[in-house]
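Working through the structure, step by step
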Amino acid sequence: MKFEDLLLETGGFGRFQILILVMLCLPRINLPMHFLLHNFIAATPSHHCAIPHQEAFVNLTMEEVLLISIPRESDGTFSSCEMFSQPQFHLLLNSSLQSENKSIIQRCQHGWVYDHSQLISTISTQWDLVCEQRGLNQATATFFFIGVTMGAVVFGYLSDRFGRKTMLLLSLVCSLVFGMLSAASVSYSMLAITRALTGVAMSGVSLIVLPLAMEWVDIQHRTFTGILTSIFWSVGNMLLAMVAYLVREWHWLLVAVTGPCLLSIVCLWWVPESARWLIAKGKVKQAHRHLLRCARMNRRKDFALSPEALTRMATDKKPSGSYFYISLFKTPVLRKISLCSGVVWFGVSFSYYGMSMNLTGFGLNIYLSQFVFGVIEIPAKMIMYVLVNRVGRRQSQAWTLILAGLCIGANIAIPKPFTSLRSVVAIMGKGFSEAAFTTVFLYTSELYPTILRQNGMGYTSFVARLGGALAPLVFLLDEVWRSLPEVTYCSVAVCSGAVAFLLPETLNTCLPEGIEDIE
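All residue numbers refer to positions counted from 1 along the written sequence of the respective chain. A pLDDT threshold of at least 70 governs which residues receive local features in this predicted model, and a stricter bar of 80 or more applies before side-chain atom pairs are shown or counted, although totals over entire chains, interfaces and linings include all residues. Side-chain numbers here rest on the full set of heavy atoms in the structure, without hydrogens or water.

Spelled out, the test is: UniProt positions are given in the numbering used here, feature names are shortened, and annotations may be inferred rather than shown by experiment.
Per an unreviewed UniProt entry, the protein chain goes by Solute carrier family 22 member 7 and derives from Manacus vitellinus. On record in UniProt, under Sequence similarities (unreviewed entry), the comment for the protein chain is "Belongs to the major facilitator (TC 2.A.1) superfamily. Organic cation transporter (TC 2.A.1.19) family."

This is how it looks when you write it as structure tokens:
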């Protein structure tokens, strides 16, 4: 007897499964509030060099003080990183007479003055992470995703070894602790370390929530479950925009997005361990207890299954030895799946975070951009709910990723003055990118067998977070060529989408239990 047959006997998809999904929605909502938090805590408001001895210019307006102290850029705006070594009073007579003498222009010598009308405090304004220090500002997102990358390896293995629920609880507790420590950071070094550790902990939440939900639902409702948990991510996207709009100080914003972890810990009390995992590990009594509870809640009073029958199933399915990440590459089919899915995950994450962290290039303020990007994800997920069941997982995965890349590439060719057209194309690209992310979570959880599922998810998540860690740093390539970041995102998305065609189709197939089911 397969586990899917057991689930059907306990009601298939009923009140028990709905309870699990409701309890797991909060940690899923909380994820993007940390993963995309960099957009707000590291936002850089408009700024210019601090002008010394400003009291000497009491007879001048602020605009005139800036005119004689700060050179203008080619677009007419005041420079953010340069100042005149001496006041240029002649500019008061004719502001168009910008000096060609570069020797009188120098880098900021006395710090910076920031526009606090939109952002009261960010890490950029607190530690002056602008101009020459701009790379450190972008690196805070990279530190977080490096932590997520490390966490994917750790929690992928541990959740297969010690159980889904136990490791989810551990990751939530650590997320709460390190998130609060981040909010209390008194130096950039402390923030970088605590954000990296928060990334490690949050990786466990990202990695475990979906497989734990998927392992309790039947074949017919797997797609629904995958799409629903993905919609929770989009809700978190929109909530982040609203919370960030209300809380403009970065310390308190970190507290606001970390606090829900405490409620998630409480909700986890009602979530059972995966019976599928318990049977695979030979823990029959616990699996039997959870299955009886499932049948009782789903009002299947006729359900009767002896522990002995589960023991026989466990004996048939129990792995002959321990499995590690190297097991993903030992057999031919599994090796091909692992290599191709790694490339796909890298492309999905790299292009998604490349678009999600480019809020200022959207033409709206950062709060509205974040909210719109969250809203557009929901219809994209609804469409994917139909497509993955009609055209299959493989075709959906490949084409959404390729189209996301083509939208990024199209915006390179569209002239800057066509802001409305560029915005529409950007929204379409974000929708395709999110559709690709939605599909890859569902698809990957169906590709790997139960005994290696969390190892497989851990490996692919590791590769994806490498993409997430590199994505914010690619923005720095605009100093080499203004369009180089977009060219990079486009190329990676299209190439990784093409690789998705090499993966097997999983539509309407049973979840594999052992490696032999894959081979």
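Now that the structure has been shown, we can carry on.
With respect to the environment of Val375
How we decide: In this text, helices come from DSSP runs of H or I with a minimum length of four residues, and strands from runs of E with a minimum of two, each type numbered from the N-terminal end. For every residue, the accessible area obtained with a 1.4 Å probe (protein chains only) is divided by the maximum for its type, and the residue is called buried under 20%, exposed over 50%, and partly exposed between those limits.
By the secondary structure assignment, Val375 is in helix H16 (residues 366–390). Note on Val375: relative accessible area 36%, which makes it partly exposed. In this structure the C-alpha to C-alpha distance between Val375 and Ile427, which are 52 residues apart in sequence, comes to 10.0 Å.

Describing the packing of aromatic side chains
Between two aromatic rings, the relevant description is the distance of the centres plus the angle of the planes. Counted only if it meets this: What counts as a ring pair is set by centres within 6.5 Å for rings of Phe, Tyr and Trp (its six-membered ring), and what kind of pair is set by the plane angle: stacked under 30 degrees, edge-to-face over 60, tilted for all other angles.
Counting across every chain of the model gives 25 aromatic pairs. Where Phe13 meets Phe224, the ring centres are 5.9 Å apart and the plane angle is 90°; that geometry is what we call edge-to-face. Within this pair, whereas Phe13 is found in the loop between helix H1 (3–9) and helix H2 (15–35), its partner Phe224 is found in helix H9 (residues 222–246), the two being separated by 211 residues in sequence. The class of Phe224 is partly exposed, set by a relative accessible area of 30%. Measuring from ring centre to ring centre gives 5.9 Å for Phe475 and Tyr489, while their planes differ by 65°; the resulting arrangement is edge-to-face.

Describing the state of the cysteines
The bond known as a disulfide is covalent and runs between the sulfur atoms of two cysteines. Note the following rule: By definition, disulfides here are pairs of cysteine sulfur atoms that lie within 2.5 Å.
For the structure on display, the rule yields two disulfides. Residue Cys49 pairs covalently with Cys108 via a disulfide, S to S 1.8 Å. Measuring the twist about the S-S bond at about -65°, one finds the Cys49-Cys108 disulfide to be left-handed. Placement of the pair is Cys49 in strand E1 (residues 47–49) and Cys108 in the loop between strand E3 (105–107) and strand E4 (112–114), with a sequence separation of 59 residues. The connectivity of the disulfides in the protein chain is 1-3, 2-4, where the numbers refer to bonded cysteines in sequence order. No disulfide involves Cys340; its nearest neighbouring cysteine sulfur is the one of Cys495, lying 14 Å away. With no disulfide of its own, Cys407 lies 9.6 Å from the sulfur of Cys490, the closest cysteine sulfur.

Considerations on the nonpolar core
So the rule is basically this: Throughout this description, the term nonpolar core refers to a set of buried Ala, Val, Leu, Ile, Met, Phe, Trp, Tyr and Cys residues connected via side-chain atoms within 4.5 Å. An automatic or database domain assignment is the source of the domain bounds shown. Contact definition: two residues touch when any of their heavy atoms are within 4.5 Å.
Ranked by size, the top nonpolar core spans 120 residues in total, and within it Leu24, Phe35, Leu168, Leu291 and Tyr353 carry the most contacts. With 12 residues, the top contributor of residues to this core is helix H8 (residues 188–214). When residues are assigned to domains, this core turns out to be shared by domain 1 (1–38 + 131–318) and domain 3 (327–518), each giving three or more. Setting aside anything within four residues of it in sequence, one finds Leu24 in contact with Leu168, Val209, Leu212, Ala213, Leu268 and Val271.

Remarks on the pattern of salt bridges
Here is the rule: Here, a salt bridge means any Lys or Arg side-chain nitrogen found within 4 Å of an Asp or Glu carboxyl oxygen.
Applying the stated criterion across every chain yields a total of nine salt bridges. Ionic pairing is found between Arg164 and Glu215, a salt bridge with its closest N-O pair at 2.7 Å. On the criterion of sequence distance, the pair formed by Arg164 in helix H7 (residues 164–183) and Glu215 in the loop between H8 and H9 is long-range, its members being 51 residues apart. A relative accessible area of 0% places Arg164 in the buried class. Between Arg393 and Glu446 there is a salt bridge, and its shortest N-O distance comes to 2.9 Å.

Topic: the side chain of Ser69
Applicable threshold: Contacts described as polar in this section are N or O atom pairs within 3.5 Å, which, within protein, must combine one atom able to donate a hydrogen with one able to accept it, while residues neighboring in sequence count only if both atoms come from side chains.
Along the chain, Ser69 turns up in helix H4 (residues 62–69). For Ser69, the side chain forms a polar contact with the main-chain oxygen of Val65, separated by 2.8 Å. In contact with Ser69, other than residues within four places in its own chain, are Ile51, Met83 and Phe84.

Describing the domain arrangement of the protein chain
In many analyses, interface size is given as the accessible surface area lost on bringing the parts together. With domains assigned, the protein chain is organised as domain 1 (1–38 + 131–318), domain 2 (47–114) and domain 3 (327–518). Just the C-alpha atoms count here: the centres of domain 2 and domain 3 sit 45 Å apart.

Describing the layout of surface pockets
Let me state the cut-off plainly: Cavity means a closed set of points on a 1 Å grid over the protein atoms alone, one where a 1.4 Å probe fits but cannot get out, pocket means an open set with protein on both sides within 12 Å along at least 5 of 7 lines, and lining means a residue has an atom within 4 Å of a point. Grid points are joined across faces, edges and corners, and a volume is the space filled by probe spheres set on the points. The nonpolar class holds Ala, Val, Leu, Ile, Met, Phe, Trp, Tyr, Cys and Pro. Asp, Glu, Lys and Arg form the charged class, and all remaining residues, Gly among them, are polar.
Here the second largest pocket is characterised by a volume of approximately 270 Å³. Surrounding the second largest pocket, 16 residues form its lining, Ile383, Met384, Leu387, Thr400 and Phe432 being those nearest its centre. For the lining of the second largest pocket, the elements supplying multiple residues, two or more each, are H16, helix H17 (393–413) and helix H18 (419–447). If you tally residues by element for the lining of the second largest pocket, the top one is H16, at six residues. Among the residues making up the lining of the second largest pocket, the classes are represented as 12 nonpolar, four polar and no charged.

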